Amino acid sequence: AAGVIQSPRHLIKEKRETATLKCYPIPRHDTVYWYQQGPGQDPQFLISFYEKMQSDKGSIPDRFSAQQFSDYHSELNMSSLELGDSALYFCASSRRTSLYEAFFGQGTRLTVV
Amino acid sequence: GENVEQHPSTLSVQEGDSAVIKCTYSDSASNYFPWYKQELGKGPQLIIDIRSNVGEKKDQRIAVTLNKTAKHFSLHITETQPEDSAVYFCAATPRGTMNRDDKIIFGKGTRLHILP
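Values in this document were obtained by computation on a predicted structure and should not be read as measured data. (Residues numbered from 1 in each chain as written. Chains lettered and ligands numbered in written order. Predicted model: local features only at pLDDT ≥ 70, side-chain atom pairs only at ≥ 80, totals over all residues. Heavy atoms only, no water.)

1. A closer look at the sheet that holds strand E3 (residues 19–25) of chain B
Residue and element names in this part refer to chain B. The strand order E1-E3-E8-E7-E6 describes an open sheet built from 5 strands, whose pairing is antiparallel. The sheet terminates laterally at strand E1 (4–7) and strand E6 (56–59), the two strands that pair on one side only. On average, each strand axis in the sheet is inclined to that of its neighbour by 15°, with strand direction left out of account. When E1 meets E3, the two strands line up antiparallel, connected through 4 bridges. Bridge pairing links Gln-6 to Cys-23 in E3. (Pairing = 2+ DSSP bridges. Helix = DSSP H or I, 4+ residues; strand = E, 2+ residues; numbered from the N terminus. Axes fitted to C-alpha atoms, helices over the stretch in contact; angles between N-to-C directions.)

2. Examining the nonpolar core
Formed by 25 residues in total, the largest nonpolar core has its most connected members in Val-4, Trp-35, Phe-73, Leu-75, Tyr-88 and Leu-112 of chain B. Elements with a contribution of two residues or more to this core: strand E2 (10–14), E3, strand E4 (32–38), strand E5 (45–51), strand E7 (62–67), strand E8 (72–77), strand E9 (86–92) and strand E11 (110–115) of chain B. Apart from the residues within four sequence positions on either side, Leu-75 of chain B is in contact with Ala-19, Val-20, Ile-21, Trp-35, Ile-47, Ile-48, Ile-62, Ala-63, Val-64 and Tyr-88 of chain B. Counting 22 residues, the second-largest nonpolar core is a separate cluster that includes Ile-26, Trp-34, Leu-46 and Ala-87 of chain A. (Core = buried A, V, L, I, M, F, W, Y, C linked by side-chain atoms within 4.5 Å. Buried < 20%, exposed > 50% of the residue type's maximum accessible area, 1.4 Å probe, protein only. Contact = heavy atoms within 4.5 Å.)

3. Overview of the state of the cysteines
Residue and element names in this part refer to chain B. Tallied over the entire structure, the rule returns 2 disulfides over all chains. The partner cysteine of Cys-23 in its disulfide is Cys-90, sulfur to sulfur 2.0 Å. Between Cys-23 and Cys-90 the sulfur-sulfur dihedral comes to about -100°; the bridge is accordingly left-handed. Separated by 67 residues along the polypeptide, Cys-23 in strand E3 and Cys-90 in strand E9 bring together distant segments of the chain. Neither Cys-23 nor Cys-90 differs from the other in exposure class; each is buried. (Disulfide = S-S within 2.5 Å.)

4. Regarding the packing of aromatic side chains
Following the criterion strictly, the structure yields 13 aromatic pairs over all chains and no others. Aromatic pair Tyr-35 of chain A and Phe-45 of chain A: ring centres 5.7 Å apart, planes at 65°, arrangement edge-to-face. Of this pair, Tyr-35 of chain A sits in strand E4 (residues 31–37) while Phe-45 of chain A sits in strand E5 (residues 44–50), and the two are 10 residues apart along the sequence. The interplanar angle of 65° and the centroid separation of 5.7 Å between the aromatic rings of Trp-35 of chain B and Phe-73 of chain B together place this pair among those described as edge-to-face. Taken together, the residues Trp-35 of chain B in strand E4 and Phe-73 of chain B in strand E8 connect sequence positions 38 residues apart. We classify Phe-73 of chain B as buried; its relative accessible area is 1%. Three or more aromatic residues joined by ring pairs make a cluster, and in this case those are Tyr-35, Phe-45, Phe-90 and Phe-104 of chain A together with Tyr-36, Phe-89 and Phe-106 of chain B. (Phe/Tyr/Trp six-rings, centres within 6.5 Å; stacked < 30°, edge-to-face > 60°.)

Written out as structure tokens, the structure is:
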């Protein structure tokens, strides 16, 4: 079965640079969630989209923005990167109207140096 | 907003024994409680879930129980095996209500070690 695809899997950026993370949800899933996970921590909710519109916002810095496109894939844009942004970034998808389950991708490991 | 507490943070059990992880939640609107298993360097994997209209659910060696009145839910793993070693997260969310605020809120995680 198709799963959530995230790219790239690993990314190294310097401070103050910009990064773009991509997420391709499971086919027919209309909702995308972005999470940030620091070492040894639980995933922290950043932002979600339903039918291409932002549906909820968590602890996402103003330096970050995201959107969901017409094909339901989503991109997380991170600017003015800081050392503290180094983390695993996960995307999850679900189908709001018919399924409860949310499935996660393998994540993007972002390292800011 | 929702707050999920998870205990213990670390759990070591002998191979073949049972493991129990407990969680509590705060928001009575939450009606869906998934459990995720995360192995090192991988994304959280949904292993079992329970909805608020059910008190217990079992899938082979894994079972979940829910006490909606007390806002408690638990994960039970029987006959533990080495491959069960991982971090387990409980979570809570209001699902299926067409409420856009249905983000999944995770507990802090339990690192489960299966001892040979």
